[in-house]
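Coordinate inspection notes
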Amino acid sequence: DELKVGAEEKIYDALKAKLSYFLSFYDEISWEPHVFRRGHHDFAEDLCDYLQGVFSTMRLISEDLIISLLYLALKYISEGIFGALSRAKTYNIIALAALDADIWFIYNSFVSYYRDGETALECFREIRQFLHLFLKGHVHDLIDESATRMRYACLLYTSDAADDLLCVDLGGRR
């Protein structure tokens, strides 16, 4: 078991290194584009093609390994995209819409690996909440507990924010 865990950690480290390369493109995009683009960024497709290749090869080894590594990879992607967004000094609604398209493209590329699809959605929960705040204008959904549970499957706001309705906790940021 120790050898197996060590091998899985090595595989995940190698996977993260390659994912970091793809995620670095988010630091280079324009966060204030003037023209709306339909669909996802090309590098999001390259990222998905890479992961599809890795996981189709892993299918020969272990289906369980694929599920656990895919979850970790999708979480890493989500955190990387959110990190790039938080490093951007300014951004506009066009950039956020393009980012939303990337997230849905990545999600749809891998949802079939999970029985329910909720596990893949869970990976992108925080960034989806952030994007919906701007793109959909549903601030009340982030405060209303029942609406948030329906849309995001679990809550991210703090009890203090819910009590005074003044702020929403987006993953530790206020």
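**Quick word on the packing of helix α2 (residues 42-58) against helix α3 (residues 63-87)**
When two helices pack together, their arrangement is given by the angle between the helix axes and by the axis-to-axis distance. One way to put it is that α2 packs onto α3 with a least axis distance of 10 Å and a crossing angle of 160°. Considering their axes alone, α2 and α3 lie roughly antiparallel with respect to each other. Remark: the crossing between α2 and α3 carries right-handed chirality. Facing Leu47, Leu51, Phe55 and Met58 of α2, the residues of α3 in contact are Leu65, Ile66, Leu69, Leu70 and Ile77. Counted by class, the contact of α2 with α3 contains nine nonpolar, no polar and no charged residues.

**Quick look at the side chain of Arg125**
Along the chain, Arg125 falls in helix α6 (residues 125-135). Side chain to side chain, Arg125 and Glu122 meet in a polar contact 2.8 Å long.

**Concerning the packing of helix α1 (residues 2-23) against α3**
In contact at an axis separation of 10 Å, α1 and α3 are set at 35° when each is read in the N-to-C sense. As α1 packs across α3, the resulting crossing turns out to be right-handed. Taking contact as the criterion, the partners of Glu8, Ile11, Tyr12, Leu15, Lys16, Leu19, Ser20 and Leu23 in α1 are, on α3, Leu65, Leu69, Leu72, Ala73, Tyr76, Ile77, Gly80 and Ile81. Residue composition of the contact of α1 with α3, by class: 12 nonpolar, two polar and two charged.

**As for the nonpolar core**
Side chains that are nonpolar tend, in soluble globular proteins, to be buried together. Judged by nonpolar contacts, the single largest core of 44 residues is most densely connected at Phe55, Leu74 and Ile77. For this core, the secondary-structure elements that each account for two or more residues are α1, α2, α3, α4 (93-110), α5 (118-123) and α6. Element by element, the count of residues in this core is highest for α3, at 11 residues. Not counting residues within four places of it along the chain, the set of residues in contact with Leu74 comprises Ile106, Phe110, Tyr114, Ala120, Cys123 and Phe124.

**Side note on the confidence of the model for the protein chain**
Across the protein chain, the average pLDDT comes to 79, with 78% of residues at or above 70. For the protein chain, per-element mean pLDDT is lowest for helix α9 (residues 159-164), which scores 38, and highest for α4, which scores 91.

**So, the environment of Met58**
Mapped onto the elements, Met58 comes out in helix α2. The class for Met58 is buried, based on a relative accessible area of 7%.

**Some thoughts on the packing of aromatic side chains**
Here the structure, examined in full by the defined rule, presents 12 aromatic pairs. Taking 5.4 Å as the distance between ring centres and 65° as the angle between the ring planes, the aromatic pair formed by Tyr21 and Phe22 counts as edge-to-face. On the basis of relative accessible area, Phe22 is assigned to the buried category, the value being 8%. Ring plane angle 70° and centroid distance 6.2 Å describe the contact between Tyr91 and Phe130, whose orientation is recorded as edge-to-face. Highlighted residues: Tyr91 in the loop between α3 and α4 and Phe130 in helix α6, separated in sequence by 39 residues. You can call Tyr91 partly exposed: its relative accessible area is 27%. With relative accessibility at 10%, the residue Phe130 sits in the buried group. One aromatic cluster is present, built from ring pairs that chain together Tyr21, Phe22, Phe25, Tyr26, Phe43 and Tyr50. Across the ring face of Tyr50, the terminal group of Lys18 is positioned such that the distance to the ring centre comes to 5.8 Å.

What counts and what doesn't
Residues numbered from 1 in each chain as written. Predicted model: local features only at pLDDT ≥ 70, side-chain atom pairs only at ≥ 80, totals over all residues. Heavy atoms only, no water. Axes fitted to C-alpha atoms, helices over the stretch in contact; angles between N-to-C directions. Helix = DSSP H or I, 4+ residues; strand = E, 2+ residues; numbered from the N terminus. Parallel < 35°, antiparallel > 145°, perpendicular 65-115°, else oblique. Left-handed = near helix turned anticlockwise from the far one by under 90°. Contact = heavy atoms within 4.5 Å. Nonpolar A, V, L, I, M, F, W, Y, C, P; charged D, E, K, R; others polar. Polar contact = N/O pair within 3.5 Å; in protein donor to acceptor, adjacent residues only side chain to side chain. Core = buried A, V, L, I, M, F, W, Y, C linked by side-chain atoms within 4.5 Å. Buried < 20%, exposed > 50% of the residue type's maximum accessible area, 1.4 Å probe, protein only. pLDDT = per-residue confidence, 0-100. Phe/Tyr/Trp six-rings, centres within 6.5 Å; stacked < 30°, edge-to-face > 60°. Lys NZ or Arg CZ within 6 Å of the ring centre and 35° of its normal.

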